[in-house]
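# Structure at a glance
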Amino acid sequence: MGKRNFEQAFNAVFHDEQAFNDFCSLDVRSEIEEFVINSRTIYRTSKKFKKYLRFIDKVILRHLDKNEQVVHSYLKEKSVLTAVKAHASSKCFFLTDIKDFFTSVKTQNVLYLLTRDKLRIPITDFERYIETIANFTTFSGSIPVGFPTSPSLSNSFLLEFDAALEKYCCEHGFIYTRYSDDIIISSKSFEGFDKLENVVQTMLHNSASKDLFLNTKKTRVTQIGNKVKILGLVITLDGSVTIDSKYKKTLESLLHFYINDKDKYKDLLEKTLHGKEHSLFGLLHYVKSIDQAYLEKLQRKYGAYALSALMEDRWSDK
C-alpha cells in the first residue's frame, strides 16, 4: 500500500471528517491537567487528547530511528527482563541513570528528531505537520512524564548517544543496555570501570544534549558476590535472573497461609498488599514472566492447583 497524507491517515483511524479540523485547531493546554506525586510533576491528558497522542505515536513516532540493539524500553519483545538478562554472564556492573531525563528532552530536540527522520515517516506531507506534532508532544518546553508519546521520543532522542556508547563498550569488552533513563554496563572484570562515569557523561553531552547529566547519587558499581539488583531484578551467583528476595518472602508467606490458615492469609494480604488478592495475582504472573523455574518450585511446594486458582483472572470484564 502506498503512502497516505496526514489527513488520510488520521481519517483512517478516527473515521470522522470533522475530527481532523478539531485536531489541527486544538488548544493543547486546555486538554492537560497537572498534578504532583512525590515531588514529581505528572501530566494527565483528556481522553480526546490521549487518543490524538496515541495516533501520533503509532503513525509517526514509532518510525523514528532508535538503536534496538541496546534499547530495551517501550519496544515489542523487549522488557526489563531482556535488559537485565543481557548481563547475566557478567561479573562486574556499572549502573547509573540520567537525571530528569524526560524533562531534559526539549521542544527543539523533538523538532530535530522529526526533521532528522522525516524520510522514515510513511506520510507524504509529513513536513507540513512537524511543528504541530512537536507542539502536541511537548508541554512547558519539554516532553512530559505521562504522555503516551514520550517513551518513543526518549528512545529516539538517544540514538547517537547509544551508538557512541555501544561502540565504546564493544571496543573495551563491555556489555551495554539501556532501559529508558537507566544505563547498565557490565564486564568480566572491573578493568576500565574507573573511567566509565566520565566517559558516559561526556558522551551524553557530545552525542545527545548539554542538558543531560548522570544522577551521581544513583551511580554505583557492584559485582557478583554482592546482591546484584538491576531494575528491580536480581542476578544470582549462577547467572540466573530472578525477582527480589523481599517479594519471594512475601509471596511464600502468603501462599503458606493460603493453604493452611485463611484468616492469617487475609491478615497478611491486608498488611502486604492492602488486602487486594488481585495484587497477588499480578505478583504471581510477574514471577511467571521473570523466572519460570521459581514458579515451578512454588507449584511443587504449595500445589499446582492452589497457584492455578490464584493465577486465574477473575477481575477481567465479563
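Notes on the structure in this doc start here. (Residues numbered from 1 in each chain as written. Predicted model: local features only at pLDDT ≥ 70, side-chain atom pairs only at ≥ 80, totals over all residues. Heavy atoms only, no water.)

### A short note on the packing of aromatic side chains
One pass over the full model with this rule turns up 25 aromatic pairs. With centroids separated by 4.7 Å and ring planes inclined at 45°, the aromatic side chains of Phe23 and Phe136 adopt a geometry described as tilted. In this pair, Phe23 sits in helix α2 (residues 17-24) while Phe136 sits in helix α6 (residues 130-137), placing the two residues 113 residues apart along the sequence. Per residue, the accessibility class of Phe23 equals that of Phe136, and both read buried. Here the aromatic residues Phe6, Phe10, Phe14, Phe20, Phe23, Phe49, Tyr52, Phe55, Tyr129, Phe136 and Phe147 are joined through ring pairs into a cluster of three or more. The ring centre of Tyr294 lies 4.5 Å from the NZ or CZ of Lys248, which sits over that ring. (Phe/Tyr/Trp six-rings, centres within 6.5 Å; stacked < 30°, edge-to-face > 60°. Helix = DSSP H or I, 4+ residues; strand = E, 2+ residues; numbered from the N terminus. Buried < 20%, exposed > 50% of the residue type's maximum accessible area, 1.4 Å probe, protein only. Lys NZ or Arg CZ within 6 Å of the ring centre and 35° of its normal.)

### Some details on the sheet that holds strand β8 (residues 233-235)
Strand order in the open sheet formed by 3 strands is β7-β8-β9, and the pairing between neighbours is antiparallel. Two strands close off the open sheet at either side, each with one partner strand: β7 (228-230) and β9 (241-243). Averaged over neighbouring strand pairs, the angle between their axes works out to 40° when direction is ignored. Two strands pair when backbone bridges link them, and β7 and β8 are joined in this way by 3 bridges, in the antiparallel orientation. The residue of β8 that forms the bridge with Lys229 is Val234. Of the strands in this sheet, β8 and β9 touch helix α12 (residues 277-290), which is tilted by about 175° from β9. (Pairing = 2+ DSSP bridges. Axes fitted to C-alpha atoms, helices over the stretch in contact; angles between N-to-C directions. Contact = heavy atoms within 4.5 Å.)

### Here we look at the pattern of salt bridges
A side chain with one charge may pair with a side chain of the opposite charge, provided their charged atoms come close. Within the structure shown, the criterion is met by 14 salt bridges. Notably, a salt bridge pairs Lys218 with Asp97, separated by 3.9 Å at the nearest N-O pair. Highlighted residues: Lys218 in the loop between α9 (196-207) and β6 (220-223) and Asp97 in strand β3 (residues 92-97), separated in sequence by 121 residues. Of the residues examined, Asp97 reaches a relative accessible area of 7% and is grouped as buried. For the salt bridge of Asp117 with Arg116, the shortest nitrogen-to-oxygen distance reads 2.9 Å. Owing to a relative accessible area of 23%, Arg116 belongs among the partly exposed residues under this scheme. Salt bridges sharing partners connect three or more residues here, namely Arg116, Asp117 and Glu160. (Salt bridge = Lys/Arg side-chain N within 4 Å of Asp/Glu carboxyl O.)

### Here we look at the sheet that holds strand β4 (residues 175-179)
Strands sit in the order β4-β5-β3-β6 across an open sheet of 4 strands; the sheet is antiparallel. Lying at the two open borders of the sheet, with one neighbouring strand each, are β4 and β6. Taken over all neighbouring pairs, the strand axes of this sheet differ in orientation by 20° on average, direction set aside. Sheet analysis places β3 next to strand β5 (residues 182-187), joined by 6 bridges and oriented antiparallel. Of the residues in β5, the one forming a bridge with Phe94 is Ile185.

### What to know about unusual backbone geometry
The backbone phi angle of Tyr74 is positive, close to 60°, even though this residue is not glycine. Mapped onto the secondary structure, Tyr74 falls in the loop between α3 (47-59) and α4 (80-85). At Leu231, a position not held by glycine, the phi torsion is positive, near 55°. Here Leu231 lies in the loop between β7 and β8. Classification of Leu231 by relative accessible area gives partly exposed; the value is 24%.

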